[in-house]
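Secondary and tertiary structure notes
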Amino acid sequence: MKNKLRLNLERKPNPYPDSPNACTELWGDVVIKILLVDGQEITLFNLEWDITEFIEWFTENQSALCQEKLSFQGYVPMPTESLAEAGNRLYSMEVSDAELAYQRDEAMYWYGRRHSISTAFFGVKLPDIVIGCNHGSGEISLSDAKDSWAYRFDMNDFCADSRQKFCELLNNWVATAQSTCERERATELLNSLAVSMQGCCQ
């Protein structure tokens, strides 16, 4: 039996209804919790923001979440090291060759774009929480000056459950849309989500 990572989404009124982009936004709470095998439930992330940004990030990066391994030039997470800790170590590792240092920084930047939740929400200062695969298991972790934790979970289960919740939310948006703009945006996201399902985590 494995821990389960769960995404909870709740629509809320847009606090900026007069914004030029209001009709393309789906405002609400994005909450990520870990359900441990011993029955504990721990909230790891909670943000009120435009949920479409998170849906787009998930859709674009689902395959990477499931399949991509953190590595560079033979450096990989140690058996007892979380993804967040390994990323910090690789970033701070001394590299004498300038070109190799550039390649390292470039690789770590793009890994972060695909695996750090903070990159899903443009313009918000958030902790660098990392989601990915580590030594054959799904993992969510954080390691900074304020906090450090890591939890393993079933990645396939998380992806399948998240897709279902995204679809339910978007179908509800289509059904309750007050404008063509809203309906088209929701349909666009549903179509992108359907295409992403052809990737991993089936």
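Residues numbered from 1 in each chain as written. Predicted model: local features only at pLDDT ≥ 70, side-chain atom pairs only at ≥ 80, totals over all residues. Heavy atoms only, no water.

**Considering a nonpolar patch on the surface**
Going by this rule: Residues qualify for a patch when their relative accessible area is over 30% and they have no salt bridge, like charges being joined within 9 Å and the nonpolar side chains of Val, Leu, Ile, Met, Phe, Trp and Tyr within 5 Å. Shrake-Rupley sampling with a 1.4 Å probe provides the accessible areas, and residues are treated as covered by the protein chains on show and by no other component. One side-chain nitrogen of Lys or Arg within 4 Å of one carboxyl oxygen of Asp or Glu is enough to make a salt bridge. Helix numbering and strand numbering both begin at the N terminus, where a helix is a DSSP run of H or I of at least 4 residues and a strand a DSSP run of E of at least 2.
Side chains of Tyr91, Tyr109 and Trp110 sit close together on the surface and give an oily, nonpolar patch of about 330 Å² of accessible area. Here tryptophan 110 is to be found in helix α3 (residues 98-115).

**Observations concerning helix α4 (residues 155-176)**
Condition: Multiplying 1.5 Å by the residue count of a helix minus one yields the expected span of that helix. Note on contacts: a residue pair is in contact if any heavy atoms of the two residues lie within 4.5 Å. Polar contact is defined as a pair of N or O atoms within 3.5 Å, subject to the rule that within protein one atom must be able to donate a hydrogen and the other to accept it, and that residues adjacent in sequence are counted only when both atoms are side-chain atoms.
The end-to-end C-alpha distance of α4 is 32 Å, a good match for the 32 Å that 22 residues give at a rise of 1.5 Å each. Summarising the contacts, the buried residues of α4 are in contact with β1 (4-11), α1 (51-67), β4 (130-134), β5 (137-143), β6 (148-153) and α5 (180-196). The opening residue of α4 is aspartate 154, an N-cap whose side-chain oxygen sits 3.1 Å from the backbone nitrogen of asparagine 156.

**Here we look at the packing of α1 against α3**
This is how it is decided: Helix axes use the C-alpha atoms of the stretch in contact, all axes being lines fitted to C-alpha atoms, and the angles between their N-to-C directions lie in the range 0 to 180 degrees. Residue polarity is assigned by list, with Asp, Glu, Lys and Arg as charged and Ala, Val, Leu, Ile, Met, Phe, Trp, Tyr, Cys and Pro as nonpolar; anything else, Gly included, falls into the polar class.
For the pair α1 and α3, interaxial distance at closest approach is 8 Å and the crossing angle is 115°. Packed against α1, whose contacting residues are Trp57, Asn61, Ala64 and Leu65, the element α3 presents Arg113, Arg114 and His115 at the interface. Considering only residue class, the contact of α1 with α3 consists of three nonpolar, two polar and two charged.

**Let's talk about the layout of surface pockets**
As a reminder, the rule being used: Here the term cavity refers to a set of points on a 1 Å grid, laid over the protein atoms alone, in which a 1.4 Å probe fits but cannot get out; the term pocket refers to an open set having protein on both sides within 12 Å along at least five of seven lines, with lining residues being those that place an atom within 4 Å of a point. Grid points are joined across faces, edges and corners, and a volume is the space filled by probe spheres set on the points.
Looking at the largest pocket, its volume works out to about 300 Å³. Taken together, 20 residues line the largest pocket, and the ones lying closest to its centre are Tyr91, Met108, Gly112, Ser116 and Asp128. Looking at the lining of the largest pocket, the elements that each hand over two or more residues are α2 (83-92), α3 and β5. Element by element, the count of residues in the lining of the largest pocket is highest for α3, at six residues. By residue class, the composition of the lining of the largest pocket is nine nonpolar, eight polar and three charged. Forming the boundary of the second largest pocket are Glu53, Glu56, Trp57, Glu60, Asn61, Trp110, Arg113, Arg114, Thr119 and Ala120. Elements represented by at least two residues in the lining of the second largest pocket include exactly α1 and α3.

**Quick notes on the packing of aromatic side chains**
Each aromatic ring pair is characterised by the separation of its centres together with the angle its planes make. Put simply, the rule reads: Pairs were defined over the aromatic rings of Phe, Tyr and Trp, the Trp ring being its six-membered one, requiring ring centres within 6.5 Å. Orientation was assigned from the angle between planes: stacked under 30 degrees, edge-to-face over 60, tilted for the rest. Burial classes follow relative accessibility: with a 1.4 Å probe on protein chains only, a residue under 20% of its type's maximum area counts as buried, one over 50% as exposed, and anything between as partly exposed.
Throughout the structure, instances matching the rule amount to eleven aromatic pairs. Arranged with centres 5.6 Å apart and planes meeting at 40°, the rings of tryptophan 27 and tryptophan 49 form a pair that is tilted. Here tryptophan 27, found in strand β2 (residues 27-35), pairs with tryptophan 49, found in strand β3 (residues 41-50); they are 22 residues apart in sequence, far enough to count as distant. A relative accessible area of 8% means that tryptophan 27 is categorised as buried. Taking relative accessible area as the criterion, tryptophan 49 reaches 23% and is therefore assigned partly exposed. Taken together, a centroid distance of 5.2 Å and an interplanar angle of 65° make the contact between phenylalanine 58 and phenylalanine 166 edge-to-face. With phenylalanine 58 in helix α1 and phenylalanine 166 in helix α4, this pair connects stretches of sequence that are 108 residues apart.

**Focus on the state of the cysteines**
Heads up, the condition is: Two cysteine sulfurs form a disulfide in these notes if their separation is within 2.5 Å.
Scanning the entire structure with this criterion turns up one disulfide. Linked covalently through their sulfurs, cysteine 23 and cysteine 181 form a disulfide whose S-S length is 1.9 Å. Classification of the bridge connecting cysteine 23 and cysteine 181 rests on its S-S torsion, roughly 55°, and on that basis the disulfide is right-handed. Residue cysteine 23 is located in the loop between β1 and β2, and its partner cysteine 181 is located in helix α5; the two are separated by 158 residues in the primary sequence. Sulfur of cysteine 133: no disulfide; nearest cysteine sulfur belongs to cysteine 66 and is 6.1 Å away. By relative accessible area, which is 16% here, cysteine 133 ends up buried.

**Quick look at the packing of α1 against α5**
Counted only if it meets this: Each angle gets one of four labels, with under 35 degrees taken as roughly parallel, over 145 as roughly antiparallel, 65 to 115 as roughly perpendicular, and the rest as oblique. Whether a crossing is left-handed or right-handed is set by the direction in which the near helix is turned from the far one by less than a right angle, anticlockwise for left-handed and clockwise for right-handed.
Put simply, α1 and α5 touch, their axes get as near as 9 Å, and they point 25° apart. When the interaxial angle is binned, α1 and α5 end up roughly parallel. α1 and α5 meet at a crossing whose hand is left-handed. For the pair α1 and α5, contact is made by Thr52, Ile55, Glu56, Phe58, Thr59 and Gln62 and by Arg185, Leu189, Ser192, Leu193 and Ser196, respectively. When the residues that make up the contact of α1 with α5 are grouped by side-chain class, the tally is four nonpolar, five polar and two charged.

Nothing here speaks to function; it is geometry throughout.
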